[in-house]
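Structural features, examined
So the chains spell out like this:
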Amino acid sequence: MFAKHSTDFLVLGSGIAGLYFALLASELGSVTVLTKKQRAESNTNYAQGGISAAIGPDDSPESHREDTIQAGAGLCHRDAVELIVHRAPHVIKTLLNIGVEFTRRGTVLDLGREGGHSHHRIVHARDTTGAAIERALLDALSQRPSVRIVEHAIAVELMTEHHLCYQPTNVPTCFGVYALTASGIVEQFFARATVLATGGCGQVYAHTTNPTIATGDGIAMAYRAGAAIANMEFIQFHPTALYESDRTGPAFLISEAVRGVGAILRNSAGERFMPRYDERAELAPRDIVARAIDNELKTRGDRFVWLDVRHLDKASFRERFPTIVAVCAERGIHLPHDMIPVVPAAHYCCGGVQTDLDARTTIRRLYACGEVACTGVHGANRLASNSLLEGVVFAERAFASISSDPPPHIGAEFDNIPPWDDSSTQNAEEWILLSHDRQELQTIMWDYVGIVRSELRLQRALRRIELLREEIEDFYRRTRLTADLIELRNLVTVAWLIVRSAMHRKESRGLHTMSDYPYTDDDRWRCDTVIMSDRIECHSLP
Ligand code: FAD
Ligand code: SIN
């Protein structure tokens, strides 16, 4: 009943980072991409605003670097930032060569503007940039016979020495993964190198822009396997998700690019409030705008603020944002004649599996790129549209590292990794408990670990999460595996990592605002928060 597969390079996830790596690695050997739903289903597919690159006539990588570092509130790794900003123009050329149809103004690429950027530098495909990239990458991969994409295959655990009878070495090695496939059994996928590209964890919150796949699986798996996990306290809330009182499921995003063309935020009294908070007003970095909205909502007792687009040119608005116009129209909001009700929602995880500049994690033969990784680029707050860029650049770095130092071929040691222990036969008859647990966890995180935090709220969250974690772990051990159960176990692990990291950092910085510690304290806290097994430490920046 146990299937064993082997491949040179195993990629977990089919968003921009995983697919880009697969495309490059297809020249080196066989590549297997495991993806837990249909191949295009990813955060990438929903990206709206675009991908940043200093290619405008008066722009420069240095200016892009300074904006990134400024947004990152003192925690960006300068070397990682240098890497992405200098590589960005090349990334755009490569994506064009692959066939991504970016929007042009005449013959040149149209460059949008977003918060925290001092120049127009957002390359986009109207308001569906991610879908255009995802489509082009999948098309390109369909021409590569050495690449196999396995849909509906959810990775459960990394295979490391932990699965052998002997004690793991100090630095574990990854031999591949156990994955629950469409066959309903857990199969073994062995590889010379494994690349985590499983994306973020927005689903840990009750209100998020992220699709349901974003359950932090890669972070949780890597943590359990002993990898270092960094900066999980820095969760980015996008300021402008569409407010819908009866919504279930992911919130629809109203791209920051809408503010980039001049949209204005107003409170329920009709007042434009952002100039009171920051001189850059609506185009301040995201942490500032989200906090300002949160403050307006709390002080006024409102459920949403308005995004006013009524003064914008009607034809060009419809041309630039056709999807936003269409989705709003389905909800009876006619743009740009009407204002849009918006609220902040969990959007992006700045932390993740810690990597070096070559996308290497602290586990041998395990690489990470894209949102799952913490590369040092984003620091305490990601600059808009730097994420797609980072995913490509670090996929390239993983490829370069593997090409220059190829991992050994699959050897006899792989035979010693036992098949999945499938002795838990109890069916998840009480599956309803799973969805209750997921909702309870999301509500705890939203209520107590949101935009503004406090010691009291975090302690309350931790107590509840630890109880849920124990119950879910017990359920997991006894019950036949399902994708829902795997995700729930990962979500609770990621929630725990976020809360532990947030409790550790006793200051306010970037996306981490603590009412008990309202100031930034560079003397003590200009460092990364790193969790490994049961240790949590501050690591100085490189
Ligand atoms: P993803 O694209 O999320 O892909 C992850 C993949 O891993 C998926 O295929 C998923 O199914 C798979 N997976 C997950 N767990 C498992 C598992 N256990 N086993 C197998 N497969 C698994 N960033 C920008 O730079 N510009 C933007 O304009 C922008 N707009 C955005 C708009 C929205 C609505 C959202 C949600 C995000 C946006 N972002 C944007 C952020 C950006 O889209 C993501 O950070 C980026 O796409 C992440 O890419 P990725 O390849 O790391 O992961
Ligand atoms: C957006 O379009 O506002 C999202 C951009 C991003 O998350 O970088």
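See the structure shown above.
Conventions we followed
Residues numbered from 1 in each chain as written. Chains lettered and ligands numbered in written order. Predicted model: local features only at pLDDT ≥ 70, side-chain atom pairs only at ≥ 80, totals over all residues. Heavy atoms only, no water. Buried < 20%, exposed > 50% of the residue type's maximum accessible area, 1.4 Å probe, protein only. Helix = DSSP H or I, 4+ residues; strand = E, 2+ residues; numbered from the N terminus. Pairing = 2+ DSSP bridges. Right-handed = clockwise from strand over helix to strand, strands pointing away. Near = heavy atom within 4 Å. Polar contact = N/O pair within 3.5 Å; in protein donor to acceptor, adjacent residues only side chain to side chain. Areas by Shrake-Rupley, 256 points an atom, 1.4 Å probe, with all protein chains shown as cover. Nonpolar A, V, L, I, M, F, W, Y, C, P; charged D, E, K, R; others polar. Contact = heavy atoms within 4.5 Å. Axes fitted to C-alpha atoms, helices over the stretch in contact; angles between N-to-C directions. Expected span 1.5 Å × (residues − 1). Core = buried A, V, L, I, M, F, W, Y, C linked by side-chain atoms within 4.5 Å. Salt bridge = Lys/Arg side-chain N within 4 Å of Asp/Glu carboxyl O.

1. With respect to the pairing of strand β2 (residues 31-34)
Burial along β2 is two-sided: Val 31 and Val 33 facing one way and Thr 32 and Leu 34 facing the other are all buried. The pairing of strand β1 (residues 4-12) with β2 spans 4 bridges and is parallel. Within β2, the residue paired with Phe 9 across the bridge is Val 31. Considered for its hand, the β-α-β crossover made up of β1, helix α1 (residues 16-25) and β2 is right-handed.

2. Details of the site of ligand 1
Surrounding ligand 1, one finds 37 residues, the nearest of these being Thr 44, Gly 50, Asp 217, Glu 371 and Ser 387. Ile 16 is positioned with one of its backbone polar atoms (N or O) 3.2 Å from an oxygen atom of ligand 1. Within the side chain of Asp 217, a nitrogen or oxygen atom sits 2.8 Å from a nitrogen atom of ligand 1. Protein contact buries 98% of the 1,000 Å² of open area that ligand 1 shows by itself. Of all elements in the fold, only α1, β9 (154-159), β16 (340-349) and α11 (387-404) reach the threshold of two or more residues within the shell around ligand 1. Looking at the shell around ligand 1 residue by residue, the class counts come to 13 nonpolar, 19 polar and 5 charged.

3. A few points about the environment of Ile 451
Among the secondary structure elements, Ile 451 is positioned in the loop between α12 (431-448) and β20 (452-453). Here Ile 451 falls in the buried class, since its relative accessible area comes to 11%. Along the sequence, Ile 451 and Thr 513 sit 62 residues apart, while their C-alpha atoms lie 6.7 Å from each other. Filtering out sequence-adjacent residues up to four positions away, Ile 451 remains in contact with Phe 237, Ala 290, Arg 291, Asp 294, Pro 344, Leu 511 and Thr 513.

4. With respect to the sheet that holds strand β13 (residues 235-242)
Spatial ordering of the open sheet is given by β13-β16-β15-β14, a layout of 4 strands whose pairing is antiparallel. With partners counted over all chains shown, the strands left at the sheet margins are β13 and β14 (264-266), one partner each. In this sheet, adjacent strand axes meet at a mean angle of 45° when their direction is disregarded. Where strand β15 (residues 305-308) and β16 come together, 3 bridges link them in antiparallel fashion. Considered in β16, the bridge of Val 305 is made with Val 342.

5. So, helix α13 (residues 455-478)
Counted at 1.5 Å a residue, the expected span for α13 with its 24 residues is 34 Å, and the 35 Å between its end C-alpha atoms agrees. Inspection of α13 places Glu 455, Leu 458, Ala 461, Leu 462, Ile 465, Leu 468, Ile 472, Phe 475 and Tyr 476 among the buried residues, and these make up the whole buried set.

6. Brief notes about the sheet that holds strand β19 (residues 373-374)
Read across the open sheet, the 5 strands follow the order β19-β17-β12-β22-β23; overall the sheet is mixed. Looking along the sheet, the strands with just one partner apiece sit at the ends: β19 and β23 (535-540). As judged from the 2 bridges shared by strand β12 (residues 229-230) and strand β22 (residues 527-532), these two strands associate in the antiparallel manner. The residue of β22 that forms the bridge with Ala 230 is Val 530. Along the sheet, helix α5 (residues 217-224) makes contact with β12, β17 (352-354) and β22, crossing β17 at roughly 45°.

7. Notes on the nonpolar core
Leu 158, Leu 196 and Ile 465 are the most contacted members of the largest nonpolar core, which totals 79 residues. Of all the elements, helix α14 (residues 483-504) adds the most residues to this core, at 13 residues. Counting 56 residues, the second-largest nonpolar core is a separate cluster that includes Ala 88, Ile 133, Leu 141 and Val 195.

8. Concerning the site of ligand 2
Lining the immediate environment of ligand 2, one finds Gln 48, Gly 49, Glu 114, His 238, Leu 253, Ser 255, Glu 256, Arg 286, His 347, Arg 382, Ala 384 and Ser 385. Between ligand 2 and the protein, one listed contact pairs an oxygen atom with a backbone N or O atom of Gly 49 at 2.8 Å. One of the side-chain nitrogen or oxygen atoms of His 238 is found 2.8 Å away from an oxygen atom of ligand 2. For ligand 2, the protein covers 93% of the area, taking 260 Å² as the surface of the free molecule. A class-by-class count of the residues in the shell around ligand 2 yields 2 nonpolar, 6 polar and 4 charged.

9. What about the pattern of salt bridges?
Tallying each qualifying case throughout the model produces 40 salt bridges. Measuring nitrogen to oxygen at the nearest pair gives 3.5 Å for the salt bridge that ties Arg 259 to Glu 256. A residue pair is termed a helical-turn pair when its members lie 3 or 4 positions apart in one helix, as Arg 259 and Glu 256 do in helix α6 (residues 256-260) at 3 residues. Among the residues examined, Arg 259 registers a relative accessible area of 2% and is labelled buried. Here Arg 300 and Asp 302 are joined by a salt bridge, their closest N and O atoms 3.7 Å apart. On the basis of relative accessible area, Asp 302 is assigned to the partly exposed category, the value being 24%. Salt bridges sharing common partners tie together Glu 233, Arg 505, Glu 507, Arg 509 and Asp 522.

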